[in-house]
Amino acid sequence: MPPSAQQGARQWLRALASGNRFLVVSTVGAGLVAALATIAQMGILAHLVHQGVIARQPVSTLSPWFGGLVGAIALRALAQGIQAQLAAHSSHAIRARVRRQLLTAWHHQGPIKLKASSAAELASEWLDQVDALHGYFARFLPQMWLSLLVPLLVLLVVASLDWLAALFLLLSAPLIPVFMALVGMGAEQVNQRHFETLGRLAGQFLDKVRGLTTLNLFGGIPVATEALRTQSDAYRRITMKTLKIAFLSSAVLEFFSSVAIAIVAMYVGFGLLGYIRIGPSENLTLFSGLYVLLLAPEFFQPLRLLSQHYHDRAAALGAAQLLGNRTGSAQAVSPPATQSSTSTLDAAVNVLVLDRVSVGFATRPAVLTDVSMGIRRGESVALTGPSGSGKSTLLHLMAGFLPPDSGRVSGVNQQPFGWLGQSPFVVQGTWAENLRLVAPQANDATLFDALARVGLAPLVKARSAGIHSPVTESGGGLSGGQARRLSLARIFLGDFDLVLLDEPTAGLDAGSESVVITALQELHAAGKTLVFSTHHPQLLALADRVIDVREGQLHHA
Amino acid sequence: MHELFPWLSLILQRRQRLLVGGLLILFTAISGLGLLALSGWFISATAMTGLLLAAGVPSSLNIYTPGGGIRFFAISRTLGRYAERVYNHDTILRLLADTRVRLFQGLVTAKPDVQTGRTGAQWLTRLTSDLDALDTLYIRLVAPSAVALIISGTVAALAGWLLPPAYAAILAACLLGALLLATLGLFYRTRRLAGARVLSEERIRVTAVAYVEGNAELTAAGTWDFHASQLQNLTGNFSRQQAIVDVRTGWHQAVATLLTNGAAVAALAGGLLMVESGAISGPVSVIFPLLLLGFGEVYGALPEAFGRLGGTIAAAARLNRDCAAPVGAAPAEEPFADANVSPAGACLTLTEVSVHYGESAAALGPLSLALTAGQHLGVIGASGSGKSTLANVLAGLIPPQHGRVTRHVAPGDLAYLTQRTVLFNDTLRNNLVLDGRVLSDQQLWRILALVDLTERVATMPDGLDSWLGAHGHSLSGGEARRVALARTLLTEASVVILDEPFTGVDHATRARISAALAEELATRTLVVLAHDRDALLPTDRLIHLQQARCAV
């Protein structure tokens, strides 16, 4: 990831966290309470040992202290539980917010820009990428604050007991940023390596699964199986070389934490024996000595946890870059230009007005240059012209899916209209579910009626559950013609005044073609406004007006 | 839980590695516990000796043995952890290969169902993520549970031996409770949610894909906002389920911590009572509580793993389903008859064969067809007329629901170029010969010349050993098709089926190579299927397929 991209991703994550500050801060707060309770627990424990072992107090007189000990432990557990609860809610809230932003972004970008990414990619953005933020907000971010604050707290308590012991811990403190960098680098490397390997192995594996039929047909299964084994083994060797080095960084952290405990134990032990006669060691008691010993691991614990959660950060940064781009670019897009027209084309008569509109894709000469037209209510307009001349672009402009580079489009976005694109849209589900996409409230009879109008009634009747049977049965899908007719049924169902259709008869068999033509004739007769791109003579005959789109201009044919 | 058994038994084949890895985890855990406990004992012992010395009582303490022990544990904890991580990651990577090979073999046996229904990118992605959940099964779940059980059992037994019975009982109960809460208790409280999550994840993905694809229509119809909020709600529930699992995991972990620390309190109280009665020395009483304080590390990773177990099981169930051999009627296909005794040189005979998908109208047939050895048959049909279905039936990939297929060809004696071009991320040579036969360069070049690829391959730096695919040379659609065609020609099969052999190949090239291909195949039986006559090879006989019906 280039540094600038990573910075952008970090900023985006920070903005999310600050938008949800209360829960993030509360999570850290609960973690701090747990740490304080732990510090108290260790103190009481050391005190009890001192009283029992050195002062020889009978256990029965110590029960208030035992009560305090249990109380501290209970508080610690309570705070821990609350921390987990807050962390889960915080992450949940943040992800819900990101998903709302995503939906807005998708909506603003419109169907055309969205097409730049595959549907599977977008679904992965929606699900996997947003969920990749979970570990960061639930674990890494609170732990990052705790790994700064808790060691500080521990150090203060240790210093009040024995400044020399605190000095031992403090000596390692300047090293802590170094640790963190080491851990970070190591973890990142491990993470990257691991995911790279997994990715490559998965790639090799999927490559073979995808071609399973071919492998089977050509007797390649044994060879492929062996290759799978040897490739995995080769990757394992390479990865292990890196991992051996990467794991060293966390071993260093482990080493310092172990050595700190050992040094504190030796120092306290020799101090108590009276072998050390400098500084505060003469005043050491079993209480203070044991307390310091018990706190030493707590000094390092937050850092060790942080290193465990480090991969969450890497995953979140990757996702943040992607999601930040998506949600950021949506804000840059100007709102669709649907202001009321001031042109000579009268908006009162026209359902749709294009006023001196130009559109060009950066790499090509302009697709449409300074184009003006009006569509009157109840009119049927055919767009024709060579492929790539801009017919689809014109329809997208009219639909408001594409903002013009200059000029105005008015009329759309004010009320629902019908759209029939080139790729049929069928969801996994029943016929009824597919139809209700555009008319959630429609009753069964209306749905069946719409299907009958596009000649799908016999097909649906033949199914056991009628309109409540699945559109795609196991293995068999809808043919292109059937899918187009299903889309057309939605248009009948929606009863839209304006219908835009992009090549409604392209690639259809004769039967479906005649159904589509009849349907358009019916719509036209019913007084609907139709705009469609076509080359089909029967559709051209149906149109009140035929417009030839050629070299960025409109010609009335 | 039985869903995991096939995978656990696969993992357990590496028994020795697992044992060593587990022992390393145990060794590290013991070093960590020992470091703290021994340090505690040492401090208490020196405190008492120091006190005696200060009071003028002659007293001595061997400081070298415990000092050495502390140093040993400090080092062994570090080295143990490092060795454990390296060794166990190596194991994970080995298991990764095992599970993939197992799944691959499973998919091969389950082929008909899987191949027709589930080849999409989404299915493949899901397959990978399901597999990932299983790779770490041992390291995340099995080994830490075993280590926790061993250490808890040992400590409880020692407590029973050393501490007053009542306190030992409290301690053991606390440890048992903590262990159950962190493992099975959490599993039972999250398995349904975690399992449901895995399923609803698939549903959300499908819904998201649908809405994105239908974005234009839905926006136009003014129902986008409605559907967007539905998607948001669906995903919100999914995310809430995860939050619930997380919260339960967190609380179980917290209560487990409470209980292990409670065990430490019981050990301390019991120990101090025994010090009071003079049964044990003060420093010894410190050992148990400090050991138990270190239990956070022993139990720490368990709740996370058991909170996800429900999902892991659901993933395993799906993989088992994908690998399962399809149930249903045995294919209505007779075992192949010997080509030598076949009547009048018959090679492949279809009798009243038809294929249906679900309830929909027949995708093919009913159709009867007799193919004699050495015949070249052309089949023409528009898209959707059942061409590829016919090719699949002829190749034996799908069994017909009705009718009969009689073969006088051995299954391995048939080469089939499927409609979809399949090339692998591998060298050109390995793409041409998939079954590991060793063919001379001369043979390969001859066939490459036949499909007009000589010049193209000659420009690649490594010639026949050039790498194809994502990390190598990218071929155009027509070039890739011709590589697949060359692969088919390179088999020695006596029956060759070509489904749309020239997809993506331009007219000029097609015209150049078509006749030479037919000649190369002159001695073999050939079925070639295409959408129109131009896309065929020259054949002896031609049939037209029309909308699930056959007209000769």
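For clarity, every value in this text was computed on a predicted model and none was experimentally measured.

**Overview of helix α6 (residues 163-172) of chain A**
Because each turn of an α-helix spans 3.6 residues, side chains separated by three or four positions end up pointing in the same direction.
At step 1: Among the residues making up α6 of chain A, those that are buried are L164, A165, A166, L169 and S172 of chain A.
At step 2: The N-cap residue of α6 of chain A is D162 of chain A: its side-chain oxygen and the backbone nitrogen of L164 of chain A are 2.9 Å apart.

**Looking at the confidence of the model for chain B**
All names here are of chain B.
At step 1: When pLDDT is averaged across chain B, the result is 84; 89% of the residues are at 70 or more.
At step 2: Here residues 112-119 is modelled with pLDDT under 50, and outside its nearest four sequence neighbours on either side it reaches 15 contacts, counting other chains as well.
At step 3: Across residues 327-342 the pLDDT falls below 50, and counting only partners more than four positions away or on other chains, this stretch makes 20 contacts in the model.

**Observations regarding the interface of chain B and chain A**
At step 1: Contacts between chain B and chain A engage 124 residues on the former and 127 residues on the latter.
At step 2: A buried area of about 11300 Å², summed over both sides, lies between chain B and chain A, and 72% of it is on carbon and sulfur atoms.
At step 3: Ranking the residues of chain B by area buried against chain A places I43, F104 and E217 of chain B at the top, with a combined share of 7%.
At step 4: Summed over the shared surface of chain B and chain A, the result is seven salt bridges.
At step 5: Put simply, D128 of chain A and R205 of chain B hold a salt bridge, and the shortest N to O gap is 2.9 Å.
At step 6: The tally of links between chain B and chain A comes to 22 residue pairs in polar contact (both at pLDDT 80 or more).
At step 7: Counting residues per element, the side of chain B that touches chain A draws most heavily on helix α9 (residues 224-277) of chain B, at 30 residues.
At step 8: Along the lines of polarity and charge, the residues of the side of chain B that touches chain A split into 65 nonpolar, 36 polar and 23 charged.

**Side note on helix α16 (residues 441-450) of chain B**
All names here are of chain B.
At step 1: Inspection of α16 places L444, I447, L448 and L450 among the buried residues, and these make up the whole buried set. Along α16, the residues classed as buried sweep out an arc of 155° about the axis, all on the same side.
At step 2: Buried residues along α16 sit in contact with α15 (428-432), α17 (454-458), α18 (477-490) and α19 (507-520).
At step 3: Of the residues one or two after α16, D452 is the one with positive phi, at around 65°.

**Some remarks on a nonpolar patch on the surface**
Residues and elements named next belong to chain A.
At step 1: There is a patch of nonpolar side chains on the surface, built from W163, L167, F168, L170, L171 and I263 and spanning about 570 Å² of accessible area.
At step 2: Residue contributions to the nonpolar patch peak at five residues, all from α6.
At step 3: A relative accessible area of 31% means that F168 is categorised as partly exposed.

**Describing the environment of A432 of chain A**
All names here are of chain A.
At step 1: Locating A432 in the fold gives a position in helix α13 (residues 431-436).
At step 2: With a relative accessible area of 1%, A432 lands in the buried category.
At step 3: Taking the C-alpha atoms as reference points, A432 and L447, separated by 15 residues in sequence, lie 6.7 Å from one another.
At step 4: Not counting chain neighbours up to four residues away, the residues in contact with A432 comprise L447, I467 and H468.

**A look at the pattern of salt bridges**
Opposite charge on two side chains permits pairing when their charged atoms draw close.
At step 1: Evaluated as defined, the whole model comprises 36 salt bridges over all chains.
At step 2: As a salt-bridge pair, R139 of chain A and D312 of chain A come within 2.9 Å of each other at their nearest N and O atoms. Within this pair, whereas R139 of chain A is found in helix α5 (residues 134-161), its partner D312 of chain A is found in helix α11 (residues 310-332), the two being separated by 173 residues in sequence.
At step 3: What makes R139 of chain A partly exposed here is its relative accessible area of 26%.
At step 4: The shortest N-O distance in the salt bridge between D441 of chain B and R429 of chain B comes to 2.9 Å.

**Side note on the environment of L4 of chain B**
Residues and elements named next belong to chain B.
At step 1: Along the chain, L4 turns up in the segment before α1 (5-11).
At step 2: With 312 residues separating them along the chain, L4 and A316 place their C-alpha atoms 6.1 Å apart.
At step 3: Discounting chain neighbours no more than four positions away, the residues touching L4 are L134, L137, L309, T312, I313 and A316.

**Thoughts on the packing of helix α2 (residues 15-54) of chain B against helix α3 (residues 64-109) of chain B**
Residues and elements named next belong to chain B.
At step 1: Where α2 meets α3, the closest approach of the two axes is 8 Å, and the angle between their N-to-C directions is 155°. Classified by the interaxial angle, the pair formed by α2 and α3 is roughly antiparallel. α3 is crossed by α2, and the crossing has left-handed handedness.
At step 2: Its residues assigned to classes, the contact of α2 with α3 shows 15 nonpolar, 11 polar and six charged.

**Focus on the packing of helix α2 (residues 21-54) of chain A against helix α10 (residues 286-308) of chain A**
Residue and element names in this part refer to chain A.
At step 1: Running from N to C, α2 and α10 point in directions that differ by 150°, and their axes come no closer than 8 Å. The hand of the α2/α10 crossing is right-handed. Listed contacts from α10 to T38, I39, A40, M42, G43, L45, A46, H47, V49, H50, V53 and I54 of α2 are L286, F287, L290, Y291, L294, L295 and E298.
At step 2: Of the residues that constitute the contact of α2 with α10, the class distribution is 14 nonpolar, four polar and one charged.

**Observations concerning the packing of aromatic side chains**
For any pair of aromatic rings, the description rests on two quantities: the centre-to-centre distance and the angle between the ring planes.
Residue and element names in this part refer to chain A.
At step 1: Counted under the stated rule, the structure contains 14 aromatic pairs over all chains.
At step 2: Here Y136 and F137 contribute two aromatic rings whose centre-to-centre distance is 5.0 Å and whose plane-to-plane angle is 90°, an arrangement assigned as edge-to-face.
At step 3: Centre to centre, the rings of F287 and Y291 are 5.7 Å apart; their planes meet at 40°, and the pair counts as tilted. Remark: Y291 and F287 occur in helix α10; sequence separation between them is four residues, near one turn of the helix.
At step 4: Using a relative accessible area of 25% as the deciding quantity, one classes F287 as partly exposed.

**What about the sheet that holds strand β6 (residues 498-502) of chain A?**
All names here are of chain A.
At step 1: Taken in spatial order, the six strands line up as β5-β6-β7-β3-β8-β9 in an open sheet, and their pairing is mixed. Single-partner strands in this sheet number two, and they are β5 (418-420) and β9 (553-556). Averaged over all neighbouring strand pairs, the angle between strand axes comes to 20°, with direction disregarded.
At step 2: Summarising the sheet, β6 and strand β7 (residues 529-533) pair through five bridges and their orientation is parallel. Bridge pairing in β7 links V499 to L530.
At step 3: Docked against the sheet, helix α12 (residues 391-399) engages β3 (380-384), β5, β6, β7, β8 (545-550) and β9, running at close to 155° with respect to β6.
At step 4: Packed on one face of the sheet, helix α17 (residues 510-525) meets β3, β6 and β7 and runs near 145° to β7.

**Some words on the sheet that holds strand β4 (residues 406-410) of chain A**
Residue and element names in this part refer to chain A.
At step 1: Strand order in the open sheet formed by three strands is β2-β1-β4, with antiparallel pairing between adjacent strands. The open sheet has two edge strands, β2 (368-376) and β4, and neither has a second partner. With direction set aside, neighbouring strand axes in the sheet form an average angle of 10°.
At step 2: Here strand β1 (residues 350-359) runs beside β4; their pairing, made up of four bridges, is antiparallel. When the bridges of β4 are listed, S358 appears paired with S406.

Criteria and thresholds
- Residues numbered from 1 in each chain as written.
- Chains lettered and ligands numbered in written order.
- Predicted model: local features only at pLDDT ≥ 70, side-chain atom pairs only at ≥ 80, totals over all residues.
- Heavy atoms only, no water.
- Buried < 20%, exposed > 50% of the residue type's maximum accessible area, 1.4 Å probe, protein only.
- Helix = DSSP H or I, 4+ residues; strand = E, 2+ residues; numbered from the N terminus.
- Polar contact = N/O pair within 3.5 Å; in protein donor to acceptor, adjacent residues only side chain to side chain.
- pLDDT = per-residue confidence, 0-100.
- Contact = heavy atoms within 4.5 Å.
- Buried area = accessible area lost by both parts, 1.4 Å probe.
- Salt bridge = Lys/Arg side-chain N within 4 Å of Asp/Glu carboxyl O.
- Nonpolar A, V, L, I, M, F, W, Y, C, P; charged D, E, K, R; others polar.
- Arc of directions from axis to C-beta.
- Patch = residues over 30% accessible without salt bridge, like charges linked within 9 Å, V, L, I, M, F, W, Y side chains within 5 Å.
- Areas by Shrake-Rupley, 256 points an atom, 1.4 Å probe, with all protein chains shown as cover.
- Axes fitted to C-alpha atoms, helices over the stretch in contact; angles between N-to-C directions.
- Parallel < 35°, antiparallel > 145°, perpendicular 65-115°, else oblique.
- Left-handed = near helix turned anticlockwise from the far one by under 90°.
- Phe/Tyr/Trp six-rings, centres within 6.5 Å; stacked < 30°, edge-to-face > 60°.
- Pairing = 2+ DSSP bridges.

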